[in-house]
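Below are the chains, spelled out letter by letter.
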Amino acid sequence: MSDAGRIVRVLPDVSGLDKRFDYVVPARWAESVDVGALVRMDLHGRRVAGWVVEVDVDPPAGVELREITKVSSLGPDQAVIDIATWAAHRWSGRVAPLLKMASPDTMVDQLPSGPGPRTLPAPPADLANDIAEVFGRPGVTVVRTPPNADLFPWLLGAAALGDGIVVTPSIGMARFLGGQLRRAGGRVALAGRDWALGAAGGTVIGARKAAWGRVRQLAYSVVIDEHDERLQEERNPTWHARDVAIERARRAGAPAVLLSPAPSPVALRLADHVIAPSRSAERASWPIVEVVDRRDGDPARGGLFSDELVRVLRSTTNRVICVLNRKGRSPMLACAGCGELVRTHDGERLMSEVDGELVGPGGERRPLVCANCGGTKLKRLRLGVSRAREELEALAGEPVAEVTSEVDAADVGRERILIGTEAVLHRVNNADAVVFLDFDQELLAPRYRAGEQAMSLIVQAARLVGPRAGGGRILIQTRTPDHRVLRGALSADPGSFASEESALREAMSFPPFGALAEIGGPPAGDFVEPLLDRLDINVLGPRDDGRYLLRADGPDELATVLAETPRPKGRLRVAVDPPRA
DNA sequence: CGGACAAGCTGA
DNA sequence: CAGCTTGTCCGG
């Protein structure tokens, strides 16, 4: 090493460039530059920001090094940088966007002092044993929590261990739980805003970004509502906060605790231990769920308005939320004779009519005949949200407000009855009843996670209406009343649903029994071409949108193949664990 | 990514 | 052939 100063390796914060460059640190900053520091430097004629990812490196021969021009801020520590590197490989993306997630919102030149000694209240007696057990051992524990259970005791149990991260699906929930913990005497840092506070010690809590929080010494990772889709980033790399939180805990030898009323098949597969409430406690926390068979419904009105729906509208005095997910897509077909939906052979997907034939999303074809009764007269069920709103208004004899995803929670109307897509479930805090007008759209959506996502909607509804003892009620209108999701919801038994769902996934080698990546963009075909005859990789597609699906035995195998396969030039899009595949 | 530079296209 | 677009390369 030369006398001129230390040499550091820097990852520039430039999207589209995933390369590290070496720079000299001027002597005056020698002490303040360490791994993770945010710096500025000249790169190819422009001044850019970057992260120091290694110090005291041997630069390549024959390159004249430039100097760092500024030390801007403290940043992620070595542990977080290592996780970002791991995650970039795992989700086949670049490191820079992950480090950005792991960096403070505003520049930090010094950490505040750490928390003093603290005493937290003991968790309630009925949970104390479970909490002590769960947080007393490393590894992954899945805790199935009743949908209306208070989650705060689990947070207390974690915080008692010292520093750690807590991930929630929304910032709102993070603020709520974080506030509770702070009032109980915990040291709490909201991910992003309180970056420096968290780095100095305590509990870092936030939405999925909290998975990237810097902590002094990680003693736990907690994921709240593990089933919630919002824990996964939708842009590339499509990292999942659950998986990041688990990996961080694993590396620190700390417990990773995943809480959910309906844990995903992935969580259950990753779990070393599963804890479930007693059947009676779980059942009591669920609202009353009523499944209404609409095979006898009037197709002219989309079969959307059952007698049971009318009864619910009239029997409650408080808010009723009606959910109707109908975005584009071709209309569902139902048999005019028996009312059965036209579904694929395995009953998992809807079929549509193309050139006088029935066609399923996987390419399955058969003539225009009902598989249930042999009837040849099929009817289209189509009714959009705005038409449904009008009809509902006429039926209820009172105003009905439409809530779209563009409407802010604060602007939701005063009307007693609301109708909207699933977004309405996130815009309202409570209701007497939630009615899913046409749940088949969710159950039979052309995605392998459709069942899981449908269950997640029911959980959300269960929270809005509260437990059965308080009169909480969910009405689900469907033409597939025997679907495993509905059986699980009806008996307030997400455990049985989870077993069935996992068995199906295993039979089809879908995640978590295998890993998927979606390959898109113009060069997709060239990219998958060398993989076609490999035994450890299945190439599915191309689908009609030109995308391919790759399947490997696990995420590690998939990541390695994606990293080793040469990238043809052009804009290739790779989405690992695609949320909508 | 975005600047540099080269190769290709256009128009009077 | 100047002037502009499009493509390819590369950064310490």
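Residues numbered from 1 in each chain as written. Chains lettered and ligands numbered in written order. Predicted model: local features only at pLDDT ≥ 70, side-chain atom pairs only at ≥ 80, totals over all residues. Heavy atoms only, no water.

1. Topic: unusual backbone geometry
Peptide bonds are, in most cases, trans, and in most cases residues other than glycine have a negative phi. At the junction of Asn 236 and Pro 237, the peptide bond is cis and its omega measures out at -5 degrees in the coordinates. Looking at the element boundaries, Pro 237 is found in the loop between β10 (221-224) and α7 (241-252). The omega torsion of the bond from Pro 511 to Pro 512 falls at 5 degrees, within 30 degrees of zero and hence cis. Mapped onto the secondary structure, Pro 512 falls in the loop between α15 (494-508) and β24 (515-520). Its identity as a non-glycine residue notwithstanding, His 44 has a phi of 55 degrees, on the positive side. Assignment of secondary structure puts His 44 in the loop between β3 (38-43) and β4 (46-55). Backbone geometry at Asp 225 places phi at a positive 60 degrees, although glycine is not the residue there. (Helix = DSSP H or I, 4+ residues; strand = E, 2+ residues; numbered from the N terminus.)

2. Structural notes on the sheet that holds strand β14 (residues 320-323)
Taken in spatial order, the six strands line up as β13-β23-β22-β14-β21-β20 in an open sheet, and their pairing is parallel. Where the open sheet ends on each side, the last strands, each with one partner, are β13 (288-293) and β20 (400-403). Neighbour to neighbour, the strand axes of the sheet diverge by 20 degrees on average, direction disregarded. Contacting β13, β14, β21 (417-420), β22 (433-436) and β23 (473-478), helix α10 (residues 307-315) runs over the sheet at an angle of about 155 degrees to β23. (Pairing = 2+ DSSP bridges. Axes fitted to C-alpha atoms, helices over the stretch in contact; angles between N-to-C directions. Contact = heavy atoms within 4.5 Å.)

3. Some points on the sheet that holds strand β26 (residues 548-552)
The four strands lie next to each other as β25-β26-β24-β27, forming an open sheet whose pairing is antiparallel. Since the sheet does not close on itself, it has two edges, and those belong to β25 (538-540) and β27 (573-576), each with one partner. Neighbour to neighbour, the strand axes of the sheet diverge by 20 degrees on average, direction disregarded. Note: β24 against β26, five bridges, orientation antiparallel.

4. Considering the packing of aromatic side chains
Under the definition given, this model contains four aromatic pairs. For the pair Trp 86 and Trp 91, a centre-to-centre distance of 5.7 Å together with 85 degrees between the ring planes defines the contact as edge-to-face. On the numbers, 5.5 Å between centres and 85 degrees between planes, the contact of Trp 212 with Trp 239 is edge-to-face. Here the residue Trp 212 occupies a position in the loop between β9 (203-206) and β10, and Trp 239 occupies one in the loop between β10 and α7, the gap between them amounting to 27 residues. Positioned above the aromatic ring of Trp 91, the side-chain terminus of Arg 90 is 4.3 Å from the ring centre. (Phe/Tyr/Trp six-rings, centres within 6.5 Å; stacked < 30°, edge-to-face > 60°. Lys NZ or Arg CZ within 6 Å of the ring centre and 35° of its normal.)

5. Thoughts on the protein's contact with DNA strand B
For DNA strand B, the full set of nearby residues is Val 14, Ser 15, Gly 16, His 44 and Arg 46. Contacts to DNA strand B include Gly 16, whose backbone N or O atom sits 3.4 Å from a base nitrogen. Contact distances for DNA strand B include 2.4 Å between a base oxygen and a side-chain N or O atom of Arg 46. (Near = heavy atom within 4 Å. Polar contact = N/O pair within 3.5 Å; in protein donor to acceptor, adjacent residues only side chain to side chain.)

6. Overview of the protein's contact with DNA strand C
Taken together, 14 residues sit near DNA strand C, with Leu 17, Asp 22, His 44, Pro 60 and Arg 66 positioned nearest. The contact atoms of DNA strand C, taken as those within 4 Å of the protein, divide so that sugar and phosphate hold 45%. A distance of 2.8 Å separates a sugar or linking oxygen of DNA strand C from a polar backbone atom of Asp 22. Arg 66 has a polar backbone atom sitting 3.1 Å from a sugar or linking oxygen of DNA strand C. The leading source of residues in the surface near DNA strand C is strand β2 (residues 21-24), at three residues. Grouping the amino acids of the surface near DNA strand C by side-chain chemistry returns seven nonpolar, one polar and six charged. (Nonpolar A, V, L, I, M, F, W, Y, C, P; charged D, E, K, R; others polar.)

7. Overview of the nonpolar core
Ranked by size, the top nonpolar core spans 57 residues in total, and within it Trp 212, Ile 519, Leu 550 and Leu 562 carry the most contacts. In terms of residues, this core owes the most to one element, helix α1 (residues 78-90), which gives six residues. Setting aside chain neighbours within four positions, we find Trp 212 in contact with Val 80, Ile 83, Ala 84, Ala 87, Leu 98, Met 101, Ala 102, Trp 239, Val 244 and Arg 248. By size, the runner-up hydrophobic cluster in this structure holds 39 residues, among which are Leu 350, Ala 454, Leu 486 and Ala 492. (Core = buried A, V, L, I, M, F, W, Y, C linked by side-chain atoms within 4.5 Å. Buried < 20%, exposed > 50% of the residue type's maximum accessible area, 1.4 Å probe, protein only.)

8. Brief notes about the environment of Pro 399
Mapped onto the elements of the fold, Pro 399 is located in the loop between α11 (385-396) and β20. Along the sequence, Pro 399 and Arg 416 sit 17 residues apart, while their C-alpha atoms lie 7.8 Å from each other. Among residues more than four places away in sequence, those in contact with Pro 399 are Glu 393, Glu 415 and Ile 417.

9. A word on the domain arrangement of chain A
With domains assigned, chain A is organised as domain 1 (6-101), domain 2 (125-277), domain 3 (286-330 + 382-490) and domain 4 (515-576). A buried area of about 530 Å², summed over both sides, lies between domain 1 and domain 4, and 56% of it is on carbon and sulfur atoms. Summed over the three residues of domain 1 that lose the most area to domain 4, namely His 89, Arg 90 and Ser 92, the buried surface amounts to 84% of that side. Inspection of the domain 1/domain 4 interface yields zero salt bridges. When grouped by side-chain class, the residues that make up the side of domain 1 that touches domain 4 number one nonpolar, two polar and one charged. (Domains from an automatic or database assignment. Buried area = accessible area lost by both parts, 1.4 Å probe. Salt bridge = Lys/Arg side-chain N within 4 Å of Asp/Glu carboxyl O.)

10. Overview of empty space enclosed by the protein
The tally for this structure, following the rule as stated, stands at three cavities of 30 Å³ or more. Space inside the largest cavity adds up to approximately 80 Å³. Class assignment of the residues belonging to the lining of the largest cavity gives a composition of eight nonpolar, four polar and three charged. (1 Å grid on protein atoms, 1.4 Å probe; cavity = no way out; pocket = protein on both sides within 12 Å on 5 of 7 lines; lining within 4 Å. Points joined across faces, edges and corners; volume = space filled by probe spheres on them.)

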